[in-house]
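Understanding the architecture of this molecule
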Amino acid sequence: MSGPPKTVVITGASRGIGHVTARRFLAEGWRVLTCARAEVPPECKRDPNWAYHFAVDLADPAAADGFVAEARKLLGDDPLHALINNAGVSPKTPYKERLGVLNGPIEGWKQVFELNFFAPLRLARGFASALHRGKGCIVNITSIAGHYVHPFAGSAYSTSKAALSGLTREMAVEFAQLGVRVNAVAPGEISTEMISAEYEALVPRIPLDRMGTPEDVAGTVFRLCGEDFAYVTGSEVFVTGGQHLY
């Protein structure tokens, strides 16, 4: 890559899809700023291009705003070329059930929406000027569960992701005025440490006959941030192995 490295902010980067996505951008020569509730492995901090990792709970509005302020201070007048809103949560009730319409506290729904929906909105607003300077892009990580009833996702999670899909379209129109593109990536069944054995039952409904990998998602996210997609905004890419076709 010629010239100074491009810069990306990635949320939920301590594990799973977010962590692999951060490593993909690093491998491509980008400067990476990350956040998550947990710390990243020590070797990540030894990479000079992994500029900073913030331990923060984005479900807390004050903490989310604090993260934006700290990251903007670190950026200074430098441009931001990409914001990847990956952090998300799908909690269970005390009875180990996913939060649904008829079970679990309404307060739990609010917490899900705070992280899955409002945090991407807060970060997009907070980094708008830096993204404008970089003529950058935003990628929101949604889900196949935001478009179809999913047997294991739970209604709170699914509707928060459906809302994020809608927000992506609205953001694309408003951010276009700043020269910033906004798209979404909707993963299907991705094999990470967070997925349980019950998901194996869904493989027969996947035309490519396998679960996806975090690398499958990370590659799509990275490509959406490149020049080959310079005329693509307001789109949602399904990384599902064809599962969304049923």
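Now for a look at the structure at hand. Within each chain, residues carry numbers counting from 1 in the order of the written sequence. Since the coordinates come from a predicted model, pLDDT governs what is reported: local features require at least 70, and pairs of side-chain atoms require 80 or more to be given and counted, while whole-chain, interface and lining totals use all residues. With hydrogens and water set aside, each side-chain value is computed from the structure's full complement of heavy atoms.

In the sections that follow, a salt bridge refers to a side-chain nitrogen of Lys or Arg positioned within 4 Å of a carboxyl oxygen of Asp or Glu. Enumeration over the complete set of coordinates arrives at 6 salt bridges. Note that R24 and E28 form a salt bridge whose closest N and O atoms lie 3.0 Å from each other. Judged by relative accessible area, which is 24%, R24 ranks as partly exposed. Taken together, the salt bridges that share partners define one network made up of D65, E114 and R122. Only protein chains enter the area calculation, which uses a 1.4 Å probe; residues under 20% of their type maximum are buried, those over 50% are exposed, and those in between are partly exposed.

Per the convention used, a helix needs a DSSP run of H or I reaching at least four residues, while a strand needs a run of E reaching at least two, with both numbered from the N terminus. Across the two faces of strand β4 (residues 82–85) the burial is the same, with A82 and I84 and L83 and N85 all buried. Two strands qualify as a pair provided that DSSP identifies no fewer than 2 bridges between them. Relative to β4, strand β1 (residues 7–11) is paired through 3 bridges, and the arrangement is parallel. Within β4, the position partnered with I10 by the bridge is I84. Sheet topology places β4 next to strand β5 (residues 137–141); 4 bridges connect them, and they run parallel. Bridging from a neighbouring strand, A82 pairs with C137 of β5.

Note on aromatic contacts: the rings of Phe and Tyr and the six-membered ring of Trp form a pair at centre separations within 6.5 Å, being stacked when their planes are under 30 degrees apart, edge-to-face when over 60 apart, and tilted otherwise. Scanning all chains against the criterion turns up 8 aromatic pairs. Pairing F25 with W30 gives two aromatic rings, centres 4.9 Å apart and planes at 80 degrees, and the pair type is edge-to-face. Judged on exposure class, the residue F25 and its partner W30 are both buried. Owing to a relative accessible area of 4%, W30 belongs among the buried residues under this scheme. In textbook terms, an aromatic cluster arises when at least three aromatic residues are bridged by ring pairs, as seen for Y52, F54, F67 and F127.

Remark: helix α3 (residues 61–75) packs on helix α4 (residues 106–126), axes separated minimally by 10 Å, with the N-to-C direction vectors making an angle of 30 degrees. By crossing handedness, the relation of α3 to α4 is classed as right-handed. Touching P61, A64, D65, F67, V68 and R72 of α3 are E114, R122, L123 and G126, all from α4. Only the stretch in contact is used when fitting a helix axis, every axis being a line fitted to C-alpha atoms; angles between N-to-C directions are given from 0 to 180 degrees. Handedness of a crossing is defined here by the sense of rotation of the near helix relative to the far one, left-handed for an anticlockwise turn of less than a right angle and right-handed for a clockwise turn. Any two residues whose heavy atoms approach within 4.5 Å are treated as being in contact.

Positive phi is not limited to glycine here, since K135 has a value of about 45 degrees. Note on placement: K135 falls in the loop between α5 (128–134) and β5. When its relative accessible area of 51% is taken as the criterion, K135 is described as exposed. Non-glycine residue D209 carries a positive phi angle of around 60 degrees. With respect to the secondary-structure elements, D209 resides in the loop between β6 (181–187) and α7 (214–224). Among the residues examined, D209 registers a relative accessible area of 56% and is labelled exposed.

Helix length check: α3 (15 residues) gives 21 Å between terminal C-alpha atoms against 21 Å at 1.5 Å per residue, within 8%. For α3, every residue scored as buried is listed here: A64, F67, V68, A71 and L75. Buried residues of α3, seen end-on, are gathered within an arc of 100 degrees and therefore sit on one face of the element. With respect to the buried face of α3, the exposed residues turned more than 90 degrees away are A62 and K73. In this structure, the buried side of α3 is in contact with β1, β2 (31–36), β3 (50–55), α4 and α5. Counted as a polar contact is a pair of N or O atoms within 3.5 Å, where, for protein atoms, one must be capable of donating a hydrogen and the other of accepting one, and residues adjacent in sequence contribute only when both atoms are in side chains. By the N-cap criterion, in which a side-chain oxygen at the helix start approaches the backbone nitrogen of a residue two or three places on, α3 is capped by D60, the distance to A62 being 3.1 Å. One or two residues past the end of α3 sits G76, with phi positive at roughly 65 degrees. By this rule the span expected of a helix is its residue count minus one, scaled by 1.5 Å. Here the arc refers to the directions that run from the helix axis out to each C-beta atom.

L58, F67, F127, I138 and F175 are the most contacted members of the largest nonpolar core, which totals 37 residues. The set of elements that each furnish at least two residues to this core consists of β2, α3, α4, α5 and α6 (155–176). The greatest single-element share of this core, amounting to 8 residues, is contributed by α4. Filtering out sequence-adjacent residues up to four positions away, F127 remains in contact with V9, F67, V68, A71, R72, L75, L80 and L83. We call a set of buried Ala, Val, Leu, Ile, Met, Phe, Trp, Tyr and Cys residues a nonpolar core when their side-chain atoms join them within 4.5 Å.

Once that is clear, we can look at the sheet that holds β1. Neighbouring strands of a sheet are bound in pairs by backbone hydrogen bonds; such pairs are parallel or else antiparallel. Ordered by their spatial adjacency, 7 strands build an open sheet running β3-β2-β1-β4-β5-β6-β7, and the pairing between neighbours is parallel. The sheet is open, and its two borders are formed by β3 and β7 (236–239), each paired with just one other strand. On average, each strand axis in the sheet is tilted by 15 degrees relative to the strand beside it, whichever way the strands run. Sheet topology note: the β5/β6 ladder contains 5 bridges and is parallel. By the bridge assignment for β6, I141 is matched with V185. Against the sheet, helix α1 (residues 16–27) makes contact with β1, β2, β3, β4 and β6, and its axis sits at roughly 170 degrees relative to β1, the strand it touches most. Lying over the sheet, α3 contacts β1, β2 and β3, oriented at roughly 165 degrees with respect to β2.

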